[in-house]
Amino acid sequence: MSGSGTDAVTLAYRNAARKRSAVALGMGTLLCLALLLDTATGPARLPVADVARSVLGQGADSTIEAIVWSIRLPVALTALAVGAALGLSGAIMQTILNNPLASSYTLGISAGAGFGAALVIVLGVALPVPEAYAIAVNAILFAGLACAGVYFIGGARAATAEGLVLAGIALLFLFQALTSLLQLMASPESLQQVVFWLFGSLQKSTWPKLAVLLSVLLLCVPLLVRDVWQLSALKLGDARAAALGVNVRALRFRCFVLISALTGVAVAFVGTIGFVGLVAPHVARMLTGEDQRGFLPVSALVGAALLSLASVASKTVAPGAIIPIGIVTALIGVPFFVWLVVRSRRAYW
Amino acid sequence: MNIELKNVSVGYVGKPVLSGLHLKAHAGRVLGLIGPNGCGKSTLIKALAGQLPSTGELLYAGSRQPPRALGYMPQDLQAPMALTVLEVVLLGRLGVLRLRVLPVDLEAVRQVLRQLGIEQLAQRYVGELSGGQRQMVFLAQALVSDPAVLLLDEPISALDLRHQLEVLEVVRTVTQQRQLCTVVVLHDLNATARYADDVALLSGGQLACLGTPTEVLTADNLALAFGVEARRYTADDGATAWLPQRALPGWPNIPRSSRPGQTQ
């Protein structure tokens, strides 16, 4: 680096790094606050200070300890983890398909998971796994199948972004139609269960499920770090990325495997939550740009914050009732997103 | 590094575009590729960049393997809205980039942006730049990896007159200074005459003519390849300029007897 330290390139690099750090710090703080608020909110409203003491292990009332650690914290942390997984998978998808409308929801992967879950609930078609995990395992399996479908159908001629998007949209309609068919055939009890599952709910979160979610998230990190510059190069278009030495087809395949895992576990444990994976990358893009070193982690953080705050809202909008998280994310997220887009001075896509 | 093509054919699946090319591009020299639309200029550049398979012998310093350090600037100007100029140019060094950018990478970017006179754009989003500015940014990206081979597909198509001259001057200078083997697709015959050391005229998927600008840019060749009547004007200092006069009727089947002669 040159000695002056104030030339345009150094300045640009420092400013970008500072911006990323500031956003990460801000999002981290927001996440901590959202976690405390989510843990404190519920049928029994707990003082935030007591919740903070309990979470930090500084001792609190035994009732509060029990509520926090047995009931509220797994749910609150699952909201963060699922939001991060959906935000991250949406960001990867929008990058590799170079399409701002791409997300695991809009391209049929969540719909595939939903169909897998409905198969278990309505017809009892499941893999030989413990009953408590049958729906989750089927959802993961069908999310993977949907992902494979998008990749192989869309890539039948050449794995271009346009072909993959079209294949995803076709699969979305297919899986939605199949799920509707199952709902038509279902008994009233099964139908209610399917509909509730499709709404999305955090209330069945447990520590073991959370551990699975966090493991998948953590496993993705080194794989993404390896490809982070190649993903940035993909934003220049397939031809230019290939000219820079990126094996575009192989990169897309690796990313589809990650998307499949992230979406599969997220949707399997909490049901279909559509909005986060679409919106979190847009917010991240506005905050840090599309250098994937900032874009991917910030998308995960924004997704986590969105779902955590939606979880708080789902418990406070209608006192005494918990509105399904999938409905709340859309009801609150859509106006927020429209506001963001309208007030944005730049066009980012 | 020299590039040599011996009986090279290139095309897309079921659609041959170029056939039987024999061509040599030399280190330290700019080879200008000219020819009418659809004659295969971009296809040849893609093949040289290793983006399209070819048959025959395509040799880089005697080897069939394209060099790692290869600067390629494709024709399309698709630009992401939210990557800065610094980030886009850094991607030219993709093979060596670490998660945390090293000072040596920043220095390489600094030098090339300074050389092209666009250092002040470093923080701007590429999507916000004009077409000409983007072209400069992607030229910087092609140069930043310190390539041995530089392949540029219409690098001045979106530039104003001043920037056309500046860019081609830079291309010629770096070609000579770093002994690059540079191949440039150009549509502007006068720019070709001025900045190319050698010119390859493609027509109908074949190499119609190869030589110095004076040898290749003749009224006869331009009539054959482009179907235009053009006149050459020579200034007092010896500089030449071509001025197209009219499109020749009946092209591409123009009888030799009715081709225009060279006018001075």
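Refer to the structure above for everything that follows.
This is a predicted model, so every value here is computed, not measured.

### Looking at the overall build of chain B
Scanning chain B for helices and strands turns up 8 helices and 11 strands. Expressed as lengths along the three principal axes of its C-alpha atoms, the size of chain B is roughly 65 × 40 × 30 Å. Taken over 264 residues, chain B has a buried fraction of 52%. Excluding contacts between residues fewer than 6 apart, the proportion of contacts in chain B whose partners are at least 24 apart in sequence is 64%. Only carbon and sulfur atoms are counted for the fraction: they give 50% of the accessible area of chain B, which is about 11,600 Å². The distance from the centre of the 24 positive side-chain charges to the centre of the 22 negative ones in chain B is 4 Å.

### Comments concerning the packing of helix α11 (residues 275–288) of chain A against helix α13 (residues 325–343) of chain A
Residues and elements named next belong to chain A. Remark: α11 packs on α13, axes separated minimally by 11 Å, with the N-to-C direction vectors making an angle of 25 degrees. With respect to α13, the element α11 is oriented roughly parallel. Crossing geometry of α11 relative to α13 is assigned as left-handed. Where α11 abuts α13, its residues F275, V276, V279, H282, V283 and M286 lie against T329, A330, G333, V334, F336, F337, L340 and V341. Residue composition of the contact of α11 with α13, by class: 11 nonpolar, 3 polar and no charged.

### Things to note about the packing of helix α4 (residues 109–123) of chain A against helix α10 (residues 248–270) of chain A
All names here are of chain A. In contact at an axis separation of 10 Å, α4 and α10 are set at 45 degrees when each is read in the N-to-C sense. By the angle class used here, α4 and α10 are oblique. Where α4 crosses over α10, the handedness of that crossing is right-handed. Residue-level contacts link I109, S110 and A113 of α4 to I259, T263 and V267 of α10. When grouped by side-chain class, the residues that make up the contact of α4 with α10 number 4 nonpolar, 2 polar and no charged.

### Digging into the packing of aromatic side chains
For any pair of aromatic rings, the description rests on two quantities: the centre-to-centre distance and the angle between the ring planes. Taken as a whole and judged by the stated rule, the model has 6 aromatic pairs over all chains. Members of the aromatic cluster, joined through ring pairs, are Y151, F152, F253 and F256 of chain A. The residue whose ring lies beneath R240 of chain A is F138 of chain B, and the NZ or CZ to ring-centre distance is 3.7 Å.

### Regarding the nonpolar core
Core analysis: the largest hydrophobic core is formed by 160 residues, its most contacted members being I92 and I96 of chain A together with V89 and L113 of chain B. Top element by residues in this core is helix α3 (residues 62–96) of chain A. It accounts for 18 residues. The contact partners of V89 of chain B, leaving out residues within four places of it in the chain, are V109, V112, L113, V137, A140, Q141 and V144 of chain B. Counting residues in each nonpolar core, the second largest holds 30 residues, with L18, L44, I45 and L70 of chain B among its members.

### A look at the sheet that holds strand β7 (residues 181–185) of chain B
Residue and element names in this part refer to chain B. The 6 strands lie next to each other as β5-β6-β7-β3-β8-β9, forming an open sheet whose pairing is mixed. Two strands in the sheet have a free side with no partner beyond their single neighbour: β5 (70–73) and β9 (206–211). Across the sheet, the mean angle separating the axes of adjacent strands is 15 degrees when strand polarity is ignored. Taken together, the 5 bridges between strand β8 (residues 198–203) and β9 define a ladder with antiparallel strand orientation. Of the residues in β9, the one forming a bridge with L201 is C209. The sheet contacts of helix α4 (residues 131–143) involve β5 and β6 (149–153), and relative to β5 the element is tilted by about 165 degrees.

### Notes on the interface of chain B and chain A
Chain B puts 37 residues into the contact, and the matching count from chain A is 38 residues. Of the roughly 3,100 Å² buried between chain B and chain A, counting both surfaces, carbon and sulfur atoms make up 63%. When residues of chain B are sorted by the area they lose upon contact with chain A, L94, L99 and R110 of chain B head the list and together hold 18% of the total. Viewed at the interface, chain A and chain B are joined by 1 salt bridge. The interface formed by chain B and chain A contains 8 residue pairs in polar contact (both at pLDDT 80 or more). Elements that contribute at least two residues to the side of chain B that touches chain A include exactly α2 (85–90), α3 (103–116) and α4 of chain B. In terms of residue count, α3 of chain B provides more of the side of chain B that touches chain A than any other element does, 7 residues in total. Looking at the side of chain B that touches chain A, its residues break down into 22 nonpolar, 6 polar and 9 charged.

Basis of the calculations
Residues numbered from 1 in each chain as written. Chains lettered and ligands numbered in written order. Predicted model: local features only at pLDDT ≥ 70, side-chain atom pairs only at ≥ 80, totals over all residues. Heavy atoms only, no water. Helix = DSSP H or I, 4+ residues; strand = E, 2+ residues; numbered from the N terminus. Buried < 20%, exposed > 50% of the residue type's maximum accessible area, 1.4 Å probe, protein only. Contact = heavy atoms within 4.5 Å. Areas by Shrake-Rupley, 256 points an atom, 1.4 Å probe, with all protein chains shown as cover. Lys, Arg positive; Asp, Glu negative; His and termini not counted. Charge placed at Lys NZ, Arg CZ, Asp CG, Glu CD. Axes fitted to C-alpha atoms, helices over the stretch in contact; angles between N-to-C directions. Parallel < 35°, antiparallel > 145°, perpendicular 65-115°, else oblique. Left-handed = near helix turned anticlockwise from the far one by under 90°. Nonpolar A, V, L, I, M, F, W, Y, C, P; charged D, E, K, R; others polar. Phe/Tyr/Trp six-rings, centres within 6.5 Å; stacked < 30°, edge-to-face > 60°. Lys NZ or Arg CZ within 6 Å of the ring centre and 35° of its normal. Core = buried A, V, L, I, M, F, W, Y, C linked by side-chain atoms within 4.5 Å. Pairing = 2+ DSSP bridges. Buried area = accessible area lost by both parts, 1.4 Å probe. Salt bridge = Lys/Arg side-chain N within 4 Å of Asp/Glu carboxyl O. Polar contact = N/O pair within 3.5 Å; in protein donor to acceptor, adjacent residues only side chain to side chain.

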